[in-house]
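Structural description and commentary
Given next are the chains, with one letter for each unit.
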Amino acid sequence: MKIIECMHTQSRCYGKKRQAIKPVGIVVHSTGANNSSIKRYSQPSDNDPRRSELLSLIGVNKYGNHWNRSATSKAVHYFVGKLADGTVGVVQNLPEDIAAWGSGKGKNGSYNYEPTGHIQFEICEDNLKNKEYFDAVYRAAVELCADICRRYGWKSSVIVSHREAHAKGYASNHSDIDHWLLKFGLTMNDFRSEVDKLLTPKKEETPKEEKLYRVQVGAYSKRENAEEMKAKLISDGYPAIIKED
Ligand SMILES: [Zn+2]
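Residues numbered from 1 in each chain as written. Predicted model: local features only at pLDDT ≥ 70, side-chain atom pairs only at ≥ 80, totals over all residues. Heavy atoms only, no water.

As a further point, take the coordination of the zinc ion. His 29 (ND1), His 162 (ND1) and Asp 176 (OD) make up the full set of protein donors to the zinc ion, lying at 2.1 Å. Read in sequence order, the donor residues for the zinc ion give the motif H-x132-H-x13-D. Within this pair, whereas His 162 is found in helix H3 (residues 162-167), its partner Asp 176 is found in the loop between H3 and helix H4 (178-183), the two being separated by 14 residues in sequence. With a relative accessible area of 5%, Asp 176 lands in the buried category. (Donors = N, O, S within 2.8 Å, 3.2 Å for Na, K, Ca; no water. Helix = DSSP H or I, 4+ residues; strand = E, 2+ residues; numbered from the N terminus. Buried < 20%, exposed > 50% of the residue type's maximum accessible area, 1.4 Å probe, protein only.)

With respect to burial, strand E4 (residues 88-92) is a largely interior element, four of its five residues being buried. Pairing of strand E1 (residues 3-5) with E4, which is carried by three bridges, proceeds in the parallel orientation. From the neighbouring strand, Ile 4 faces E4, where its bridge partner is Val 91. Counted between consecutive antiparallel strands, the loop separating strand E3 (residues 78-82) from E4 contains five residues, among which Gly 86 sits at a positive phi close to 90 degrees. (Pairing = 2+ DSSP bridges.)

Once that is clear, we can look at helix H6 (residues 223-235). Taking 1.5 Å per residue, 13 residues should reach 18 Å; H6 reaches 18 Å between its end C-alpha atoms and fits that length. Immediately beyond the C-terminal end of H6, within one or two residues, lies Gly 237, with a positive phi of roughly 100 degrees. (Expected span 1.5 Å × (residues − 1).)

The next point concerns the side chain of Gln 92. Among the secondary structure elements, Gln 92 is positioned in strand E4. Leaving out residues up to four positions away in the same chain, Gln 92 has contacts with Ile 3, Ile 4, Glu 5, Cys 6, Met 7, His 77 and Tyr 78. (Contact = heavy atoms within 4.5 Å.)

This part covers the pattern of salt bridges. Considering all chains together, one arrives at 13 salt bridges under this definition. Residues Arg 50 and Glu 53 are paired through a salt bridge, measuring 3.2 Å at the closest nitrogen-oxygen approach. Arg 50 sits in the partly exposed class, given a relative accessible area of 33%. The exposure class of Glu 53 is partly exposed, given its relative accessible area of 40%. (Salt bridge = Lys/Arg side-chain N within 4 Å of Asp/Glu carboxyl O.)

This brings us to unusual backbone geometry. Backbone torsion omega between Glu 114 and Pro 115 reads 0 degrees, so that peptide bond is classified as cis. Tracing the sequence through the fold places Pro 115 in the loop between E4 and strand E5 (119-123). Cis peptide bonds are those with omega within 30 degrees of zero, and the linkage from Asp 176 to Ile 177 qualifies with -5 degrees. Within the secondary structure, Ile 177 is located in the loop between H3 and H4. Phi is positive for Leu 128, which is not a glycine, with a value near 70 degrees. Looking at where Leu 128 falls in the secondary structure, it is placed in the loop between E5 and helix H2 (131-152). Leu 128 sits in the buried class, given a relative accessible area of 12%.

Let's shift gears to the pairing of E3. Most of E3 sits inside the fold, with four of its five residues counted as buried. Bridge count between E3 and E5: three bridges; the pairing is parallel. If you follow Tyr 78 over to E5, its bridge partner there is Phe 121. Sheet topology places E3 next to E4; five bridges connect them, and they run antiparallel. Note that in E4 the partner of Tyr 78 across the bridge is Gln 92.

For the structure on display, the rule yields 10 aromatic pairs. Summarising the aromatic geometry, the rings of Tyr 133 and Trp 180 are spaced 6.3 Å apart at their centres and angled 25 degrees between planes, so their arrangement reads as stacked. Of this pair, Tyr 133 sits in helix H2 while Trp 180 sits in helix H4, and the two are 47 residues apart along the sequence. Take Tyr 133 and Trp 180: they sit in the same class, and that class is buried. Ring geometry for Tyr 152 against Trp 154: centres 4.5 Å apart, planes inclined by 20 degrees, an arrangement best described as stacked. Given the relative accessible area of 15%, Trp 154 is considered buried. In this structure an aromatic cluster arises from ring pairing among Tyr 133, Phe 134, Tyr 138, Trp 180, Phe 184 and Phe 191. (Phe/Tyr/Trp six-rings, centres within 6.5 Å; stacked < 30°, edge-to-face > 60°.)

Below, the structure written as structure tokens:
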């Protein structure tokens, strides 16, 4: 899958407050606001050498309210949503070994930081009614998770939604992304089983060996009798041979 790298180096999460993690899982979020464009949240840094290229790919946020600012206290590793051309894509904002500011904390700790640091991404919500958009971001999110799991050798069981992370005691009390999945009759278990499908190598079909069943028509003590039967079979259209014991 193609991931557009647009590092949020102007975020405090990436800068002074940066904390290293060795990720142990994935948290899936959705933004909780009706805006399906990644440009709402992600913009290149002022000194990004690919700035103009990234702006044309992601689109320009005219309002200056994106997350690549020191004033924001939110940061995730990836965004899934609409690019400038209207297609669904994935944009990376943080290296995976830097703690995200995505989960907050729960009674047992935080999935942002060591020793429970998770790779986290946001899916841009729309009005939660558009099946076509939902299917596209769901697919991209499944592929992103499969890609991460493959690289780290993880099973899909390490993937949780923000809501599940809260239930486990490692995140603030949010309902994403389960509330969105539910609108289309799905759960996080469905999501994980879709990831499993990509992680399980397809069984290659082994070609069946062709078997031949030979028919023996007789055994003769005299060669000429065998020759006579052979000639009769050949004249009847059978490819007969004589085998001597
Ligand atoms: Zn969340």
